[in-house]
Amino acid sequence: MPQSISKVSYFRLLSDIIAIVCVFVFSSFITKPEFEKSDSILLILLIIGWYFSTKISSTYDDFRTERYIGELLLIFQNVLIQSIVAGQVLFILNRHEYTRRFVLAYIIILSIVLIIKNYIIKKILLKYRQKGGNIKNVVFVGYNEITSNLISQIQDNPHYGFKVIGIIAKEEEGYDFGGNTYLGDLQKFLTMNEDYKIDEIIITTEEISNHLMQKIFVLSERRAIRTKIVPSYITYYPSRLQFKFFGNYPLITFRSEPLQEYHWRLVKRVFDIVFSLFVFVFIFSWLFPIVAILIKLDSKGPVFFRQYRWGKDNRKFKCFKFRSMKAESKDVTEKGTFNQAQMNDPRITRLGQFLRSSSLDELPQFINVLLGDMSIVGPRPHAHEHNIRTKDEVDSYLVRHWIKPGITGWAQVNGYRGETKTIEQMEQRVKYDIWYIENWSLGLDFKIIFMTVYNVIKGEEMAY
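Description of the structure in this document. Keep in mind that this is a model prediction, so the values were computed, not measured.

Considering the nonpolar core
Here is step 1 of the chain: Core analysis: the biggest nonpolar cluster contains 30 residues, and Ile-295, Phe-322, Ile-376, Tyr-436 and Ile-448 have the highest contact counts within it.
Here is step 2 of the chain: Non-local contacts of Ile-448, meaning those with residues more than four positions away in its chain, are made with Val-377, Thr-408, Gly-409, Trp-410, Val-413 and Tyr-436.
Here is step 3 of the chain: One finds Val-23, Leu-43, Trp-50 and Val-103 within the second-largest nonpolar core, a separate group that totals 22 residues.

Printed below as a string of structure tokens:
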């Protein structure tokens, strides 16, 4: 959730606007012959664009616990928007002769200036907070593993600007509270005088009745103390919780993924279509006839192998592949179990061995991508029988079906492709698939595609 904007954050916003003005003037001076009235319009629009882009991305929230690399990523994101605004405005103003030079100079210089400025501010704040300035005094209610971990983070990162005043909890024999000051139990705290300056109360225990919780809130409001609660189930999903409101009721989602948002699904779908059409025009158009003829010459049977697989939301679809096995081969054994392809599998034809080792047998799945059943990148789709056998044996297995399956995936480029001989191997594959779902980005898709091409060129042990 967005944090309140502090004085430090307002200073950062003001200093960034000053930097934008200075960089704009300097970039104009070195790329254009003179400063015109239209440049004033562009500067105002750039400042407005910066304000709203930083507002949307929460750039000036009180990021006490944000790493410097996280702030850098926000800078690059907002600078990119600046380049789009500058380019579009100059185009509308019919200033084409200077657009490219100015935008390039403006973006490069602005990026360098903001990176240096933020680094200096970060260092100044660190020194200032180490000396006791801009510090928030924190009291913890409850003592458990969560409390201990939070206190360790505060003590190991003085630049966060927090100071632990003490702990409020039931006093139990043998507890030293990690060497922190014990302020007594909750009843004592509720009746104590204003002996301590407290900025925040963080509640880490659920062993508090609603009545006492209400008293904590009343006391906090009376003394202008901010109250925060860490739910105990944070230990199960420490980094994937998402907080939203449903009407007036707060909801916490255990797993959140970028592709829940329609605009990101649209971006991924457009990329899938464009990439697939490129493959069809420049690769499939000449490679397909060659492979089809070779398959027909190598063994009897159809060119394509079609098999029901599970896609998004467990919906079945027909997955296309170049046939790499003998036409009479069966997917299910006499015992009714799924018959995975194995090393030196007698069902695989001579050409099929090459197609599988080079991953060329997967190329027809671009048809599935255009049909909307699959994506370029995503969890690999498993056969119907394989899903039936595995879904009750591996926890979170069906989570991988929250998005469309892919021709290649994060698990595959990390070594988990092909046959899964043990449940442990499947668990690892699912773990990688879920990580991909929760951390998806278009950049990650590009990375996986490049890794896939690299693995195909160097050869893979499990490609059989």
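Remarks on the sheet that holds strand 3 (residues 200–203)
Here is step 1 of the chain: The strand order across the open sheet built from 4 strands is 2-1-3-4, with neighbouring strands paired in parallel fashion. In the strand order of this sheet, the two ends are held by strand 2 (162–168) and strand 4 (226–229), each with one partner. Sheet twist, expressed as the average angle between the axes of neighbouring strands with direction ignored, equals 25°.
Here is step 2 of the chain: Relative to strand 3, strand 1 (residues 136–141) is paired through 4 bridges, and the arrangement is parallel. Within strand 3, the position partnered with Val-138 by the bridge is Glu-200.
Here is step 3 of the chain: This element, helix 7 (residues 210–222), spans strand 3 and strand 4 of the sheet and lies at about 150° to strand 4.

Observations concerning a nonpolar patch on the surface
Here is step 1 of the chain: The grouping of Phe-278, Val-281, Phe-282, Ile-283, Trp-286, Ile-290, Ile-293, Leu-294 and Leu-297 at the surface amounts to a nonpolar patch, some 930 Å² of accessible area in total.
Here is step 2 of the chain: With respect to the secondary-structure elements, Val-281 resides in helix 8 (residues 262–298).

Regarding helix 13 (residues 423–438)
Here is step 1 of the chain: Given a rise of 1.5 Å per residue, 16 residues ought to cover 22 Å, and the 22 Å separating the end C-alpha atoms of helix 13 matches this to within 8%.
Here is step 2 of the chain: Residues of helix 13 that are buried sit in contact with helix 8, strand 9 (375–377), helix 11 (384–390), helix 12 (410–413) and helix 14 (442–458).

About the thresholds
- Residues numbered from 1 in each chain as written.
- Predicted model: local features only at pLDDT ≥ 70, side-chain atom pairs only at ≥ 80, totals over all residues.
- Heavy atoms only, no water.
- Core = buried A, V, L, I, M, F, W, Y, C linked by side-chain atoms within 4.5 Å.
- Buried < 20%, exposed > 50% of the residue type's maximum accessible area, 1.4 Å probe, protein only.
- Contact = heavy atoms within 4.5 Å.
- Pairing = 2+ DSSP bridges.
- Helix = DSSP H or I, 4+ residues; strand = E, 2+ residues; numbered from the N terminus.
- Axes fitted to C-alpha atoms, helices over the stretch in contact; angles between N-to-C directions.
- Patch = residues over 30% accessible without salt bridge, like charges linked within 9 Å, V, L, I, M, F, W, Y side chains within 5 Å.
- Areas by Shrake-Rupley, 256 points an atom, 1.4 Å probe, with all protein chains shown as cover.
- Salt bridge = Lys/Arg side-chain N within 4 Å of Asp/Glu carboxyl O.
- Expected span 1.5 Å × (residues − 1).

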